[in-house]
Amino acid sequence: MKRKKRWLKVLIGVLALFLMIDIIASFFFYNLAIKRGEKEFLQDNADLEVSAQAMDEFTQGDWRNWVRNQPFEEMELTSYDGLKLAGYFLPAKRPSNKLVIFSHGYLGNAKQMGLYGQYYYEQLGYNIFMADARGHGNSEGDYYGFGWHDRLDLIDWTQQLIGKLGDDTEVVYHGLSMGAATVLMASGEKLPNQVKAIIADSPYSDVYGLFAYQMKRMFHLPAFPFLDSTSVVTKFKADYSLKEASSLHQVEKAKVPIFYIHGNADTFVPTEMTKELYSHTKSPAEMWLVDNANHGESFVIAKEEYIKRLNKFLKQYVQ
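This report concerns the structure included in the present document.

What counts and what doesn't
- Residues numbered from 1 in each chain as written.
- Predicted model: local features only at pLDDT ≥ 70, side-chain atom pairs only at ≥ 80, totals over all residues.
- Heavy atoms only, no water.
- Helix = DSSP H or I, 4+ residues; strand = E, 2+ residues; numbered from the N terminus.
- Buried < 20%, exposed > 50% of the residue type's maximum accessible area, 1.4 Å probe, protein only.
- Areas by Shrake-Rupley, 256 points an atom, 1.4 Å probe, with all protein chains shown as cover.
- Expected span 1.5 Å × (residues − 1).
- Contact = heavy atoms within 4.5 Å.
- Salt bridge = Lys/Arg side-chain N within 4 Å of Asp/Glu carboxyl O.
- Pairing = 2+ DSSP bridges.

Let's talk about the overall build of the protein chain
Next up, step 1: Looking only at helices and strands, the protein chain has 12 helices and 8 strands in total.
Next up, step 2: Residues classed as buried in the protein chain amount to 55% of the 319 residues present.
Next up, step 3: For the protein chain, the accessible area works out to roughly 15,300 Å², and carbon and sulfur atoms hold 54% of it.

Some thoughts on helix α12 (residues 303-317)
Since the α-helix packs 3.6 residues into each turn, any two residues three or four apart lie on the same face.
Next up, step 1: Here α12 spans 21 Å end to end across 15 residues, near enough to the 21 Å set by a 1.5 Å rise per residue.
Next up, step 2: Within the sequence span of α12, burial applies to Tyr306, Ile307, Leu310, Asn311, Phe313 and Leu314.
Next up, step 3: Taken together, the buried residues of α12 touch α4 (114-122), β5 (170-176), β6 (195-201), β7 (258-263), β8 (285-290) and α11 (298-301).

A short note on the pattern of salt bridges
Proximity of charged atoms lets side chains of opposite charge pair with each other.
Next up, step 1: Summed over the entire model, instances satisfying the criterion amount to 8 salt bridges.
Next up, step 2: The salt bridge partner of Lys235 is Glu244, with a shortest N-O separation of 3.1 Å.
Next up, step 3: Taking the relative accessible area as the measure of exposure, Lys235 reaches 39% and is therefore partly exposed.
Next up, step 4: When salt bridges with common partners are traced through the structure, they connect Asp81, Arg134 and Asp153 into a single cluster.

With respect to the pairing of β5
Next up, step 1: Burial of β5 is extensive: 7 of the 7 residues sit out of reach of the surface.
Next up, step 2: The alternating pattern of β5 places Glu170, Val172, His174 and Leu176 and Val171, Tyr173 and Gly175 on opposite faces, both of which are buried.
Next up, step 3: Relative to β5, strand β3 (residues 98-103) is paired through 6 bridges, and the arrangement is parallel. Its bridge partner lying in β5, Ile101 is registered against Tyr173.

Some points on the side chain of Thr230
Next up, step 1: Within the fold, Thr230 resides in helix α8 (residues 226-238).
Next up, step 2: A relative accessible area of 1% means that Thr230 is categorised as buried.
Next up, step 3: In contact with Thr230, other than residues within four places in its own chain, are Ala25, Ser26, Phe29, Tyr30 and Leu242.

In structure tokens, the structure reads:
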């Protein structure tokens, strides 16, 4: 009897220790990835290494000067939960009813999407709009939404811009990485009729799956139980769970045509995620996998082909 009690105490002690470790780990991973702030763990991440060609374009491309020289109109939106969000609007050179709304990636900011915006503006004659996602740039927020709350912000921005430009506006969503997940998560909602097409470059299928992949690669840890407890913390602190933040579930309800783009050499967000998204998309969809392109590199690595395929897709759905 004494031996059983002793083993029971040992078992309870082990379980209590494991629970304590799990709780500590859940707050650690929340602070590491979701809480707003510097993310040093990404600075030397081999999965985010880019080619010399891409690095040169990202850091020294002429699009950077182009962005600096544009007279963007600063706009503001109060989100459904009271955050002040910042956006930047540039009217087309000539009156146009075409508008592209960009959505940037994790830890980025609105004007980084000028890499794509320069082409839409100079060559396609679009009005362009870029917003800092909640928790990024000049927007308020103490956490990163990974697209889930951002999808509602995107729709609110869309409605505000339609009110500004007119009901005949034709809208294109163009997102990169987390921004791609944002536009896909929005696709499953009741979108304004003016939204005609979606471009999703390097998206992830769901936040839980992305984190599980990264935890295994970076920390050699299984998703369960650490990611599940992190999801509970995220729900409490940021009002969303990692599993509900799913692009996959949303595209199963999509009605707007979607063009998927993903690099075949992407090791940060697995290419397989885009393949899965494409196969589950309810609306008309196309997919282009770019050889030798790592995460977010496709526009630089294969710019001519990117533009060719983009134009072909847009001509089908934007009049």
